[in-house]
4 protein chains.
Amino acid sequence: MSSVDLGHNFLLLPRNCQVRELQTILRDKTTSRSDFKFYADRLIRLVIEEGLNQLPYTQTVVTTPTNCEYAGVVFEKGNCGVSIVRSGEAMEQGLRDCCRSIRIGKILVDSDHDTHDARVVYAKFPEDIAKRKILLMYPIMSTGNTVIRSVKVLKDHQVPEENIILVNLFCTPQAAHSVVEHFPAMKILTSELHAVAPNHFGQKYFGTE
Amino acid sequence: MSSVDLGHNFLLLPRNCQVRELQTILRDKTTSRSDFKFYADRLIRLVIEEGLNQLPYTQTVVTTPTNCEYAGVVFEKGNCGVSIVRSGEAMEQGLRDCCRSIRIGKILVDSDHDTHDARVVYAKFPEDIAKRKILLMYPIMSTGNTVIRSVKVLKDHQVPEENIILVNLFCTPQAAHSVVEHFPAMKILTSELHAVAPNHFGQKYFGTE
Amino acid sequence: MSSVDLGHNFLLLPRNCQVRELQTILRDKTTSRSDFKFYADRLIRLVIEEGLNQLPYTQTVVTTPTNCEYAGVVFEKGNCGVSIVRSGEAMEQGLRDCCRSIRIGKILVDSDHDTHDARVVYAKFPEDIAKRKILLMYPIMSTGNTVIRSVKVLKDHQVPEENIILVNLFCTPQAAHSVVEHFPAMKILTSELHAVAPNHFGQKYFGTE
Amino acid sequence: MSSVDLGHNFLLLPRNCQVRELQTILRDKTTSRSDFKFYADRLIRLVIEEGLNQLPYTQTVVTTPTNCEYAGVVFEKGNCGVSIVRSGEAMEQGLRDCCRSIRIGKILVDSDHDTHDARVVYAKFPEDIAKRKILLMYPIMSTGNTVIRSVKVLKDHQVPEENIILVNLFCTPQAAHSVVEHFPAMKILTSELHAVAPNHFGQKYFGTE
């Protein structure tokens, strides 16, 4: 499987050695919870930085303190974050570390134990969400069902699919294909495509083992 | 009304000028969201510090690098935080700033629009919650209904009432009386008792106006 | 010895159990460096909060989002921090955690190995330092010589003695008496007055053992 | 001028749009000090992450919580940071955000006003510095003189040139050539090579204008 199969909207974080080290620490069952949280936050920040990089920007010229002109870029306003409870909330601080006062909404999806259907039990967004670019935060994707249900909620709120960037840490090929198939216009950014997802992530991060 | 009426388990943060300034900034409708979050975090940390101070501790003697003995204190292990969604989550970072790797659970209570009854839609705790001392986080109390419902959930999980410390920023006298009456053995810590609660807190903190 | 002997400008942080626990951890030679830094930062924030509380403020009335009036307080502008290198720099982050964009100056004093005289080798201040209230940061005072030399530098820059608040963590009675005698109008705030100062503080905090 | 001329030890941070936006904000004279610090910290973290990526690592296999094997990497121990006073100290927090309890040393170099010679007035290192890999932090390089003097101090302490990675934000071509010529075995990492260096960086970051 290559990322090409998943189309140009599916993006992998450049996999340098730091990224690989962070993935290794998060996979390792002997990692302490304090370390787990610290290194998870680092990997989250790197994925968020790359996610922000997908947002639209324009050219600009600014004046320096020595009154020179400097040709730069400026990102457009009107972004927000939405975390999928519970593990997505682990990514909120990383988003704030990069965008100090960004608005952050939330979706809580529950799975029916019998049918495995995902159902929304809670959602809270900025009022003008339909006009915003959205960083949808969810660190672990095994099947993609929770994300698919959450994106449907956003679309119910008139958010265009192409305004959503899903930021993720670990993704299975199955989940990647499922989500891409459902929402081909949504951008997906992850740090690793691997058959086994570290499903203990949320429990270890928040200590609710 | 004085705090005496509310019994010895109801505690007010010492109201020095910094605390009053933070309350003033959080009450002021002209405060920017970036400032609101920054100063809320400061007040939260001060309330959390005072809340931690209510936990049990024991005497200890440690050896210094120069091999002297030093008589100190050590707090007992086995604490955890529980935030009441949504505004209670604003207090999670403050708790982590004081207790690096503390476990954090979560309760989501919804109000019925017709009956105003509070009902639990989601709860996630550390497995051994019944044995832990709990800092229950909820910043604004107007009626106390959400807190009362949440404490019932904790008691359903066999948590003794006296193991809970409710940490709060702003509380109305009505809510204070209601919560104290329901749970006389629970400790309640707030920074201000005032007839008007700043109900915009959660929306302003997370930017979901 | 009581703090009364040291006059009304010498202030001790209220010594509750949390403060005592932090002092215990910082005194304990078995504390890991990671924990040392974390708990030092907590004690530093508490001292800084108390230091900020000494600054001048005025009454104000603000309007709440529900258009009520709220009687509050506002602190005067024009403060800055000055850290004494090197251990004082450990307090800079704590100051920023409370005052987001406060200006921070710096003084480096060196001791002559033969004469034990302190001599200034470097100083960098905001240009208008003479008009500001100054939080002078230095965590450990054994003899007080470094602080005395540093305050002289500030006075050379036309800073009135009464505009300086020295924020400190651990102080010996000898140092307290010496500094109070030299600068009776300067406020001094510490968390502990004890015959033995933990002189390993800076080396352990920065890891330059 | 191309980076090729500077040899394979001179590295430029991949210049994506987020990086360009951060550079734009830091160049803009209308940027508030609070924003300046926030965005500088973001750019610093990105450079530090890339700097850490230059450190030696080895292959490892870890066991996951589900008892699978995972092939990962682990970085070698024995790194430390050294900041060149004053502006280099702005990079210390970013380093700690990536390496929680890394040891941090310090060098203070002063320039003679008449001869423009740089001279060391203060240096403090971990005792075993000669055996460590060093991230040398200095954000702005105009001439390279301060860095050259600082590296000489490290070499006087038996640190091999190839053990040093200089992490920098803004560098002039003149400084780049001068430093590369002096220390061809040292790695240099910067985010921008530009004829004009934003020399107001340290003053704006610390507010000592």
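This structure is a prediction, so every number in the text was calculated from the model and none was measured.

> What exactly am I supposed to notice about the overall build of chain A here?
Of regular secondary structure, chain A possesses six helices and twelve strands. A principal-axis box enclosing the C-alpha atoms of chain A has dimensions of 65 × 40 × 35 Å. Going through the 209 residues of chain A one by one, you find that 61% of them count as buried. For chain A, restricting intrachain contacts to residue pairs at least 6 apart in sequence, the fraction spanning at least 24 positions comes to 65%. In the form shown here, chain A has an accessible surface area of approximately 8,200 Å², with 47% of it arising from carbon and sulfur atoms. Taking the average place of the 24 positive charges on the side chains of chain A and the average place of its 24 negative ones, the gap between the two points comes to 4 Å.

> How should I be thinking about the sheet that holds strand β8 (residues 140-141) of chain D in this particular structure?
Hydrogen bonding along the main chain pairs the strands of a sheet, whether they run parallel or antiparallel. Residue and element names in this part refer to chain D. Taken in spatial order, the three strands line up as β8-β10-β12 in an open sheet, and their pairing is parallel. The sheet is open, and its two edges are formed by β8 and β12 (192-193), each paired on a single side. Looking at chain direction, β8 and strand β10 (residues 170-171) are connected through two bridges and run parallel. Residue pairing for β10: Met141 is matched across the bridge by Cys171.

> Explanation requested: the sheet that holds strand β6 (residues 118-124) of chain C in the structure shown.
All names here are of chain C. Spatially, β1-β11-β9-β7-β4-β5-β6 is the arrangement adopted by the seven strands of the open sheet, whose pairing is mixed. Each edge of the open sheet is held by one strand with a lone partner, namely β1 (10-12) and β6. Looking at each pair of strands side by side, their axes are set apart by 20° on average, direction ignored. Pairing of strand β5 (residues 104-111) with β6 involves six bridges; the strand directions are antiparallel. From the neighbouring strand, Ile107 faces β6, where its bridge partner is Ala123.

> When you look at the confidence of the model for chain A in this model, what are you seeing that I'm missing?
For residues with low pLDDT, the predicted coordinates do not support detailed interpretation. Here chain A averages 91 in pLDDT, while 95% of its residues score no lower than 70. Across chain A, element-level confidence peaks in strand β9 (residues 164-167) of chain A with a mean pLDDT of 98 and bottoms out in strand β6 (residues 118-124) of chain A with 84.

> Quick question: what am I supposed to make of the interface of chain B and chain C here?
Note on interface size: it is often stated as the accessible area lost on association of the parts. At the junction of the two partners, chain B supplies 43 residues and chain C supplies 44 residues. If you look at where chain B meets chain C, you find four salt bridges. For the salt bridge of Arg100(B) with Asp35(C), the shortest nitrogen-to-oxygen distance reads 2.6 Å. Looking at the side of chain B that touches chain C, the elements with two or more residues in it are α1 (17-27), α2 (33-52), β2 (57-63), β3 (69-75) and α3 (92-98) of chain B. Ranked by residues supplied to the side of chain B that touches chain C, first place goes to α2(B) with nine residues.

> Would you mind going over the relation of the copies chain B and chain C with me for this structure?
Here the two chain copies are tied together by a rotation about an axis and a shift along that axis. Superposing chain B onto chain C takes a rotation of 180° combined with a translation of 0.0 Å along the rotation axis, leaving an RMSD of 0.0 Å. The two molecules are tied by a two-fold rotation axis, judged by turn and shift. By C-alpha distance to the rotation axis, the residue of chain B lying nearest is Leu46(B), at 4.1 Å. In this assembly the copies share their binding face: 100% of the residues contributing to the interface of chain B also contribute to that of chain C.

> Whenever I open this one, the environment of Met137(C) confuses me. Can you help?
All names here are of chain C. Position of Met137 among the secondary structure elements: in strand β7 (residues 133-137). Judged by relative accessible area, which is 0%, Met137 ranks as buried. Residues Met137 and Arg45, 92 residues apart in the sequence, show an inter-C-alpha distance of 12 Å. Setting aside residues no more than four positions away along its own chain, Met137 makes contact with Ile48, Gly81, Val82, Ser83, Ile84, Gly88, Met91, Glu92, Leu95, Ile104 and Val167.

> Looking at this structure, I do not really get the pattern of salt bridges. What am I missing?
Two side chains with opposite charge may pair up if their charged atoms get near one another. Here the structure, examined in full by the defined rule, presents 49 salt bridges over all chains. Here Arg86(A) ties to Glu89(A) by a salt bridge, and the two come within 4.0 Å at their closest N and O atoms. Of the two residues examined, Arg86(A) and Glu89(A), each falls in the buried class. We note a salt bridge from Asp128(C) to Arg132(C), for which the minimum N-O separation is 2.8 Å. Assessed through its relative accessible area of 12%, Arg132(C) is described here as buried. Ionic contacts of the salt-bridge type, sharing partners, join the residues Arg86(C), Glu89(C), Glu92(C), Lys106(C), Arg86(D), Glu89(D) and Lys106(D) into one network.

> What is the right way to look at the packing of helix α2 (residues 33-52) of chain A against helix α2 (residues 33-52) of chain D in this model?
Packed helices, taken two at a time, are described by their axes: the angle between them and the distance between them. Their axes nearest at 12 Å, the elements α2(A) and α2(D) cross at an angle of 115°. Considering how the two elements wind past one another, α2(A) and α2(D) form a crossing that is left-handed. Across from Arg42(A), Arg45(A), Leu46(A), Glu49(A) and Leu52(A) in α2(A), the residues of α2(D) making contact are Arg42(D), Arg45(D), Leu46(D), Glu49(D) and Leu52(D). Residues that form the contact of α2(A) with α2(D) fall into these classes: four nonpolar, no polar and six charged.

> Help me understand the pairing of strand β5 (residues 104-111) of chain B in this model?
Residues and elements named next belong to chain B. Of all the eight residues making up β5, six are buried; the element is thus mostly covered by neighbouring parts of the structure. Two strands pair when backbone bridges link them, and strand β4 (residues 79-85) and β5 are joined in this way by five bridges, in the parallel orientation. Residue pairing across strands places Ile84 opposite Ile107, the latter belonging to β5.

> Whenever I open this one, the interface of chain A and chain D confuses me. Can you help?
Opposite the 44 residues of chain A that make contact, chain D presents 44 residues. Across the chain A/chain D interface, buried area totals approximately 3,900 Å², and carbon plus sulfur atoms make up 53% of it. For the pair chain A and chain D, the number of links is four salt bridges. Note that Glu49(D) is salt-bridged to Arg42(A), the shortest N-O span being 2.8 Å.

> Any chance you could explain the packing of aromatic side chains here in plain terms?
For any pair of aromatic rings, geometry is given as the distance between the ring centres together with the angle between the planes. Under the counting rule described, the total for this entry stands at 20 aromatic pairs over all chains. Aromatic side chains Phe201(A) and Tyr205(A) sit 6.0 Å apart centroid to centroid with 20° between the ring planes, which places their arrangement in the stacked category. Highlighted residues: Phe201(A) and Tyr205(A), both in helix α6 (residues 201-206), separated by four residues, approximately one helical turn. In terms of burial, Phe201(A) and Tyr205(A) fall into one category: buried. Ring pairing ties together the aromatic residues Phe36(A), Phe201(A), Tyr205(A) and Phe206(A), which thus form one cluster. Its guanidinium or amino end placed over the ring of Phe206(B), Arg86(B) lies 3.8 Å from that ring's centre, counting from NZ or CZ.

> Sorry, what's going on with the packing of helix α1 (residues 17-27) of chain C against helix α2 (residues 33-52) of chain C here?
Residues and elements named next belong to chain C. Contact geometry of α1 with α2 gives a least axis separation of 9 Å together with a crossing angle of 140°. In terms of their interaxial angle, α1 and α2 are classed as oblique. As for the relative orientation of α1 and α2, their crossing is left-handed in sense. For the pair α1 and α2, the contacting residues are Gln18, Val19, Leu22, Gln23, Ile25 and Leu26 in the first and Phe36, Tyr39, Ala40, Arg42, Leu43 and Leu46 in the second. Along the lines of polarity and charge, the residues of the contact of α1 with α2 split into nine nonpolar, two polar and one charged.

> Just to check I follow, could you spell out the relation of the copies chain A and chain D for this structure?
Mapping chain A onto chain D is achieved by rotating through 180° and translating by 0.0 Å along the same axis, at an RMSD of 0.0 Å. When the interface residues of chain A are mapped onto chain D, 100% of them are again interface residues, pointing to one common binding face.

> Would you mind showing me how to read the side chain of Ser87(C) here?
For Ser87(C), the position within the fold is in the loop between β4 (79-85) and α3 (92-98). Once residues within four sequence positions are removed from consideration, Ser87(C) is found in contact with Tyr138(C), Pro139(C), Phe201(C), Gly202(C) and Phe206(C).

> Is there a simple way to think about the environment of Thr146(A) in this case?
Residue and element names in this part refer to chain A. Within the secondary structure, Thr146 sits in helix α4 (residues 145-156). Classification of Thr146 as buried rests on a relative accessible area of 17%. With 61 residues separating them in the primary sequence, Thr146 and Val85 have C-alpha atoms 9.8 Å apart. In contact with Thr146, other than residues within four places in its own chain, are Ile84, Val109 and Tyr138.

> Hey, could you run me through unusual backbone geometry in this one?
A negative phi holds for most residues other than glycine; trans holds for most peptide bonds. Residues and elements named next belong to chain A. Omega for the peptide link from Val85 to Arg86 comes to 5°, which places this bond in the cis form. Looking at where Arg86 falls in the secondary structure, it is placed in the loop between β4 (79-85) and α3 (92-98). For Asn67, which is not glycine, the phi torsion reads 60° and is therefore positive. Its place among the elements puts Asn67 in the loop between β2 (57-63) and β3 (69-75). The class of Asn67 is exposed, set by a relative accessible area of 55%.

Rules used throughout
- Residues numbered from 1 in each chain as written.
- Chains lettered and ligands numbered in written order.
- Predicted model: local features only at pLDDT ≥ 70, side-chain atom pairs only at ≥ 80, totals over all residues.
- Heavy atoms only, no water.
- Helix = DSSP H or I, 4+ residues; strand = E, 2+ residues; numbered from the N terminus.
- Buried < 20%, exposed > 50% of the residue type's maximum accessible area, 1.4 Å probe, protein only.
- Contact = heavy atoms within 4.5 Å.
- Areas by Shrake-Rupley, 256 points an atom, 1.4 Å probe, with all protein chains shown as cover.
- Lys, Arg positive; Asp, Glu negative; His and termini not counted.
- Charge placed at Lys NZ, Arg CZ, Asp CG, Glu CD.
- Pairing = 2+ DSSP bridges.
- Axes fitted to C-alpha atoms, helices over the stretch in contact; angles between N-to-C directions.
- pLDDT = per-residue confidence, 0-100.
- Salt bridge = Lys/Arg side-chain N within 4 Å of Asp/Glu carboxyl O.
- Least-squares fit on C-alpha atoms with pLDDT ≥ 70 in both.
- Left-handed = near helix turned anticlockwise from the far one by under 90°.
- Nonpolar A, V, L, I, M, F, W, Y, C, P; charged D, E, K, R; others polar.
- Buried area = accessible area lost by both parts, 1.4 Å probe.
- Phe/Tyr/Trp six-rings, centres within 6.5 Å; stacked < 30°, edge-to-face > 60°.
- Lys NZ or Arg CZ within 6 Å of the ring centre and 35° of its normal.
- Parallel < 35°, antiparallel > 145°, perpendicular 65-115°, else oblique.

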